[in-house]
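Take a look at the letters that make up each chain.
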Amino acid sequence: MLHQIIHPLSVEDFFSKYFEKQYLLIKRNDKDYFKDVLNVDSLDQLIFSSSNYYPTFKAVSHSKGKLDPAKYCTNVNGGYVIDSSQFVKCYQEGYTLVLSDIQNKILSLRNLTNDVTKALGHRTGTNIYITPKDSQGFPAHYDTHDVFVLQISGTKKWRIYDVFEELPNGEMKFDNNFSDTGNVLDEFLLEEGDMLYIPRGMVHDANCDDDSSIHITLGLFGKSWGEIISEYISESTQFHKILRKYPKLYNSDFDNLNSEDISEIADLISNLIVNIKSDFKKLNNFEEHVRPANLGFFKQIYSLDSFNSSSFIYPSKMEKFNVIDKENGAISVHNSKIQLTLPAPCKEFIQEVFSLTEPKQLSAIDCILDDDSKLQLVRQLINMGGIQFENN
């Protein structure tokens with residue numbers, strides 16, 4: 001999905017020329033480009049057909065100031081539940097409606113964030129901004145995470161400023177009272193189907209003039225090298241006594257008192273950093289952040305009694321599993337939460353099943369396993385969500 005978002009730019013050019021460096025505007029003249037990602041009907045259903053809560057849903061305005069959530073919420077046991085009709089009325093009165101973390105509520109956005117998270121190796125999330133004409137939701141600011149803006153409906157005028165705080169982290173938030181916005185560097189109109197990438201730290205704002213707007217902000221919540229190294233060293237503390245020692249602070253001669261420890265720690269940390277590469281996937285296991293959109297899984301389980309040797313099987317498109325070789329010819333089938341280790345005789349069968357590009361009848365898969373063994377094994381894989389089946 002990342003390549004579709006930045007099309008016609010290649011992923012390689014995006015990372016070399018723009019990622020964490022410069023904003024990217026892609027004009028498409030294709031109002032239907034994002035039609036399968038989000039539409040007004042799905043928003044209407046979301047607002048009026050589910051229970052929503054403040055501050056996940058909120059109304060904001062740069063010119064009108066902060067709006068008391070009691071204006072569009074009902075207090076239920078100390079929590080604010082959105083009153084859908086009053087919430088929409090806020091839009092009519094000039095407020096921007098902000099719907100946060102909507103990948104947890106709309107399947108197409110879940111698929112979007114899952115795909116981009118897997119492509120980038122970092123967690124992503126989606127917010128939706130619904131802005132009426134002649135209004136602006138937020139003042140000029142920068143974000144502490146990168147964003148991809150997908151224009152779904154209407155138009156919105158964007159401004160990029162010449163202040164660029166390079167790669168701010170979560171502790172370096174923009175302060176409207178003290179931070180400088182600088183001068184306008186570029187100004188443009190985002191139309192339906194267009195995309196805008198803004199790296200963290202780049203000051204920007206946006207407003208609607210004579211048209212309303214709906215856009216998705218796909219946020220990239222990455223893990224920096226500093227965070228990775230800090231977590232890695234912290235995790236290693238249990239294995240290295242020197243990292244668990246207290247520094248000697250009882251007088252001012254710090255260097256002499258701690259020189260041996262500091263030298264040992266410096267050598268250890270140097271070696272730990274060299275070893276990060278081999279343990280990097282374990283440390284930065286982004287798959288833990290991917291909430292699977294396993295649509296159809298319940299139907300598979302409910303129909304499992306009908307599964308037989310004549311059934312057609314194929315790898316799940318919703319739940320990604322990895323197949324890796326183990327010692328003594330064994331094979332492991334796993335994702336971030338489930339692992340199944342199988343003996344060597346299953347290897348040929350498993351490799352063929354997970355390489356299928358179209359459904360294939362179970363009995364037609366030729367291997368050393370007998371039909372009963374294949375049935376039993378595939379049942380396990382269906383229960384794990386790794387394989388799906390259909391009966392023609």
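What comes next concerns the included structure. Keep in mind that this is a model prediction, so the values were computed, not measured.

Each value, and the rule that gives it
Residues numbered from 1 in each chain as written. Predicted model: local features only at pLDDT ≥ 70, side-chain atom pairs only at ≥ 80, totals over all residues. Heavy atoms only, no water. Helix = DSSP H or I, 4+ residues; strand = E, 2+ residues; numbered from the N terminus. Buried < 20%, exposed > 50% of the residue type's maximum accessible area, 1.4 Å probe, protein only. Contact = heavy atoms within 4.5 Å. Areas by Shrake-Rupley, 256 points an atom, 1.4 Å probe, with all protein chains shown as cover. Lys, Arg positive; Asp, Glu negative; His and termini not counted. Charge placed at Lys NZ, Arg CZ, Asp CG, Glu CD. Core = buried A, V, L, I, M, F, W, Y, C linked by side-chain atoms within 4.5 Å. Pairing = 2+ DSSP bridges. Patch = residues over 30% accessible without salt bridge, like charges linked within 9 Å, V, L, I, M, F, W, Y side chains within 5 Å. Salt bridge = Lys/Arg side-chain N within 4 Å of Asp/Glu carboxyl O.

## Re the overall build of the protein
Looking only at helices and strands, one finds ten helices and 18 strands in the protein. In terms of its C-alpha atoms, the protein occupies a principal-axis envelope of roughly 75 × 70 × 50 Å. Within the protein, the fraction of its 392 residues that count as buried is 42%. When contacts within the protein are restricted to residue pairs at least 6 apart in sequence, long-range pairs at least 24 apart make up 75% of them. As presented, the protein carries roughly 21700 Å² of accessible surface, and 47% of it is formed by carbon and sulfur atoms. Of the side chains in the protein, 39 bear a positive and 55 a negative charge, and the two mean positions are spaced by 3 Å.

## Considering the side chain of Ser135
Mapped onto the fold, Ser135 is located in the loop between β6 (123–131) and β7 (146–154). The exposure class of Ser135 is buried, given its relative accessible area of 10%. Once you skip the residues sitting within four places of it in the chain, Ser135 turns out to touch Gly94, Asn207 and Cys208.

## Looking at the nonpolar core
Here is a general trend for soluble globular proteins: nonpolar side chains tend to be buried in one another's company. Ranked by size, the top nonpolar core spans 42 residues in total, and within it Ile5, Leu99, Ile128, Phe148, Leu150 and Met195 carry the most contacts. Those residues in contact with Leu99 that sit more than four places away from it in its chain are Leu43, Leu46, Thr56, Phe57, Phe87, Thr126, Asn127, Ile128 and Ile130. With 26 residues, the next largest nonpolar core counts Phe321, Leu375, Ile382 and Met384 among its residues.

## Looking at the pairing of strand β16 (residues 339–342)
Of the two faces of β16, the one lined by Leu340 and Leu342 is fully buried and the one lined by Gln339 and Thr341 carries no buried residue. Inspection of the sheet shows strand β15 (residues 331–334) paired to β16 by four bridges, in the antiparallel sense. Paired with Val333 across the two strands is Leu340, which belongs to β16.

## Observations concerning a nonpolar patch on the surface
On the surface, Leu249, Phe254 and Ile262 cluster together into a nonpolar patch covering about 280 Å² of accessible area. Within the element layout of this structure, Leu249 appears in the loop between α6 (225–236) and α7 (254–283). A residue is classified by how much of its surface remains accessible, and Leu249, at 60% relative accessible area, is exposed.

## Looking at the environment of Leu112
Mapped onto the fold, Leu112 is located in helix α5 (residues 107–120). Along the backbone, Leu112 and Lys58 are 54 residues apart, and their C-alpha atoms lie at a distance of 23 Å. With sequence-adjacent residues up to four places away left out, Leu112 is seen in contact with Met1, Ile5, Val37, Thr126 and Leu150.

## Concerning the pattern of salt bridges
This model, assessed by the stated rule, comprises 13 salt bridges. One salt bridge connects Lys27 with Asp194, and the closest N-O pair in it is separated by 2.8 Å. Highlighted residues: Lys27 in the loop between β1 (24–26) and α3 (40–49) and Asp194 in the loop between β9 (184–190) and β10 (195–198), separated in sequence by 167 residues. You can call Lys27 partly exposed: its relative accessible area is 43%. Overall, Asp194 belongs to the buried group, its relative accessible area being 1%.

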